[in-house]
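Examination of the molecular architecture
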Amino acid sequence: MAVITKDELSKNVAEEPSMMTGSTPPKGWMETPVKFKPGNYAYPTKVDKLEYLNSQQGVSFPNARVWNPEDEDWKLPANWKEIIINGLADRLDRFRSLKIFMDCCVRCGACADKCHFFLGTGDPKNMPVLRAELLRSVYRKEFTLAGKLLGKMAGGREMTAGVLKEWFMYAYQCTECRRCSVFCPYGIDTAEITMMLRELLHMVGCGINWAMEPVSNSNRTGNHMGLTPQAFKGNVDFLCEDVESLTGVKVNPTFNRKGAEVLFITPSADVFAEPGLFTCMGYLLLFEAIGLDYTWSTYASEGGNFGLFTSNEMMKKLNAKMYA
Ligand code: SF4
Ligand code: SF4
């Protein structure tokens, strides 16, 4: 895939809808198709990562293939639309919050300027209200009487390949930070809507490698970088040596010790990268000073759950590692 140059990127920002230039889209959002071009989308999941995850118990990540979002043909399953609509019906049934979020937005716009993606791009589809509307419009058409009878007049629209592409573009321009929900008078959580969009996208094999490779690594080795238990322990040992040479205090952490009062799980960045390393050295000293009865897990060596960016099932599966 092509890598965008700095000049191309600045041209995109100057010519597309942007808060910086004040330029707005000339047509309504339903008539503005999404455009994929180098630099404006995340790369799809690598085939080997998706195949590995799909082989795991309790999760499903089908349709591993080589594909490019810039291509017309996304190599979707023949019955992809049926899969999506059934998947949405299933989630509306299981998650009462989703059903409420689909029904209760009053378009007040209080959430719009709270999203850093909207502020950064100026793209109206990055307003939380419109990000949710990408799903809500399909919900209306398929699951409400008004949408079935009146279609677009009632805010409903058909599930098409164009809509699916729009979902892929905008579901991955949300960090699930939940800032918008804090300002919504109804407490609508767009992050949860983003999660549902991603779950539906995964049902037809439309995920991104940025999320899925860390998920695959976390499932395989316990941390998102794919480092082995030996490497994890080795790094903590290095930090203990640094602590001793800097302070003269010898700290003695244990690993996978049964019976410890506290199982300590930290973001793996604390063990492998600055500035987290310094935080880690600080709490190693603190735990030693207060005599905490704790142990590290070399199998649940990632406090960040990358399943959050993928699916509820994946999140639960990675979370369960701490009990292994
Ligand atoms: S949860 Fe998503 S839509 Fe809401 S503010 Fe954060 S990034 Fe924007
Ligand atoms: S703040 Fe809440 S009710 Fe208002 S537009 Fe945003 S999601 Fe809808």
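Shown above is the structure to which this text applies.
We now turn to the structure provided with this report. These numbers come from a predicted model, not from an experiment. (Residues numbered from 1 in each chain as written. Chains lettered and ligands numbered in written order. Predicted model: local features only at pLDDT ≥ 70, side-chain atom pairs only at ≥ 80, totals over all residues. Heavy atoms only, no water.)

Regarding the overall build of the protein chain
When its secondary structure is counted, the protein chain shows 15 helices and two strands. Oriented by its inertia axes, the alpha-carbon framework of the protein chain measures out at about 70 × 45 × 40 Å. Split into buried and exposed, the 324 residues of the protein chain put 46% on the buried side. Of the contacts made within the protein chain by residues no fewer than 6 positions apart, 72% connect residues no fewer than 24 positions apart. Of the roughly 16200 Å² of accessible surface on the protein chain, a fraction of 58% belongs to carbon and sulfur atoms. Measuring between centres, the 36 positive side-chain charges of the protein chain sit 6 Å from its 37 negative side-chain charges. (Helix = DSSP H or I, 4+ residues; strand = E, 2+ residues; numbered from the N terminus. Buried < 20%, exposed > 50% of the residue type's maximum accessible area, 1.4 Å probe, protein only. Contact = heavy atoms within 4.5 Å. Areas by Shrake-Rupley, 256 points an atom, 1.4 Å probe, with all protein chains shown as cover. Lys, Arg positive; Asp, Glu negative; His and termini not counted. Charge placed at Lys NZ, Arg CZ, Asp CG, Glu CD.)

Details of the packing of helix α3 (residues 80-94) against helix α4 (residues 96-103)
Where α3 meets α4, the axes come as close as 5 Å, and the angle between the chain directions of the two elements is 105°. Judged by the angle between their axes, α3 and α4 are roughly perpendicular. Residues L88, R91, L92 and R94 of α3 touch α4, and the partners they reach there are R96, L98, K99 and M102. A class-by-class count of the residues in the contact of α3 with α4 yields four nonpolar, no polar and four charged. (Axes fitted to C-alpha atoms, helices over the stretch in contact; angles between N-to-C directions. Parallel < 35°, antiparallel > 145°, perpendicular 65-115°, else oblique. Nonpolar A, V, L, I, M, F, W, Y, C, P; charged D, E, K, R; others polar.)

Looking at the nonpolar core
With 59 residues, the main nonpolar core has L135, M159, L164, W167 and F168 as its most contacted residues. Those elements giving two or more residues to this core turn out to be α2 (47-54), α3, α4, α6 (128-143), α8 (161-171), α10 (190-203), α11 (209-221) and α15 (312-319). If we skip the residues at most four places from it in the chain, F168 touches F36, A42, W67, P69, W74, L201, C206, G207 and I208. Within the second largest apolar cluster, 17 residues are counted, among which are F232, V236, C240 and C280. (Core = buried A, V, L, I, M, F, W, Y, C linked by side-chain atoms within 4.5 Å.)

Describing the packing of aromatic side chains
Applying the stated criterion across every chain yields a total of 20 aromatic pairs. Connected via pairs of aromatic rings, a cluster forms that spans F36, Y41, Y43, W67, W74, F168 and Y172. Against the face of F183 rests K114, its NZ or CZ located 5.0 Å from the ring centre. (Phe/Tyr/Trp six-rings, centres within 6.5 Å; stacked < 30°, edge-to-face > 60°. Lys NZ or Arg CZ within 6 Å of the ring centre and 35° of its normal.)

Observations regarding the site of ligand 2
Taken together, C105, V106, R107, C108, G109, A110, C111, V129, C184, P185, Y186 and I188 are the residues near ligand 2. Of the residues in the shell around ligand 2, the class split is 10 nonpolar, one polar and one charged. (Near = heavy atom within 4 Å.)

Things to note about the site of ligand 1
What surrounds ligand 1 is the set C115, H116, F117, P128, R131, C174, T175, E176, C177, R178, C180 and T190. Secondary-structure elements contributing two or more residues to the shell around ligand 1 are α5 (116-121) and α6. Class assignment of the residues belonging to the shell around ligand 1 gives a composition of six nonpolar, three polar and three charged.

A closer look at unusual backbone geometry
Cis geometry marks the peptide bond from E274 to P275, where omega comes out at 0°. Here P275 is to be found in the loop between α13 (269-272) and α14 (276-290). With a phi close to 60°, E176 is a non-glycine residue in the positive phi region. Note on E176: relative accessible area 7%, which makes it buried. Unusually for a residue other than glycine, N256 sits at a positive phi of about 50°.

What to know about α3
Across its 15 residues, α3 extends 21 Å between first and last C-alpha, which sits within 8% of the 21 Å expected from 1.5 Å per residue. Contacts from the buried residues of α3 go to α4, α6, α8 and α10. (Expected span 1.5 Å × (residues − 1).)

A word on the packing of α3 against α10
In the contact formed by α3 and α10, the axes pass within 9 Å of each other and the chain directions differ by 140°. Our classification of the angle between α3 and α10 gives oblique. In this structure, α3 meets α10 at a crossing whose hand is right-handed. Contact residues: I83, I84, G87, L88 and R91 in α3; M196, E199, L200 and M203 in α10. Looking at the contact of α3 with α10 residue by residue, the classes come out as six nonpolar, one polar and two charged. (Left-handed = near helix turned anticlockwise from the far one by under 90°.)

Observations concerning a nonpolar patch on the surface
On the surface, a cluster of nonpolar side chains totalling about 520 Å² of accessible area is made up of L145, L149, L150 and M153. Mapping L149 onto the fold places it in helix α7 (residues 145-150). Overall, the relative accessible area of 65% leaves L149 in the exposed class. (Patch = residues over 30% accessible without salt bridge, like charges linked within 9 Å, V, L, I, M, F, W, Y side chains within 5 Å. Salt bridge = Lys/Arg side-chain N within 4 Å of Asp/Glu carboxyl O.)

Regarding the environment of T298
A relative accessible area of 4% means that T298 is categorised as buried. Side-chain polar atoms of T298 contact the side chain of N256, separated by 2.7 Å. (Polar contact = N/O pair within 3.5 Å; in protein donor to acceptor, adjacent residues only side chain to side chain.)

Notes on the environment of A231
Inspection of the secondary structure puts A231 in helix α12 (residues 229-247). The class for A231 is partly exposed, based on a relative accessible area of 27%. The spacing of A231 and F272 is 41 residues in sequence and 9.8 Å in space, taken between C-alpha atoms.

Purely geometric numbers; function is a separate question.
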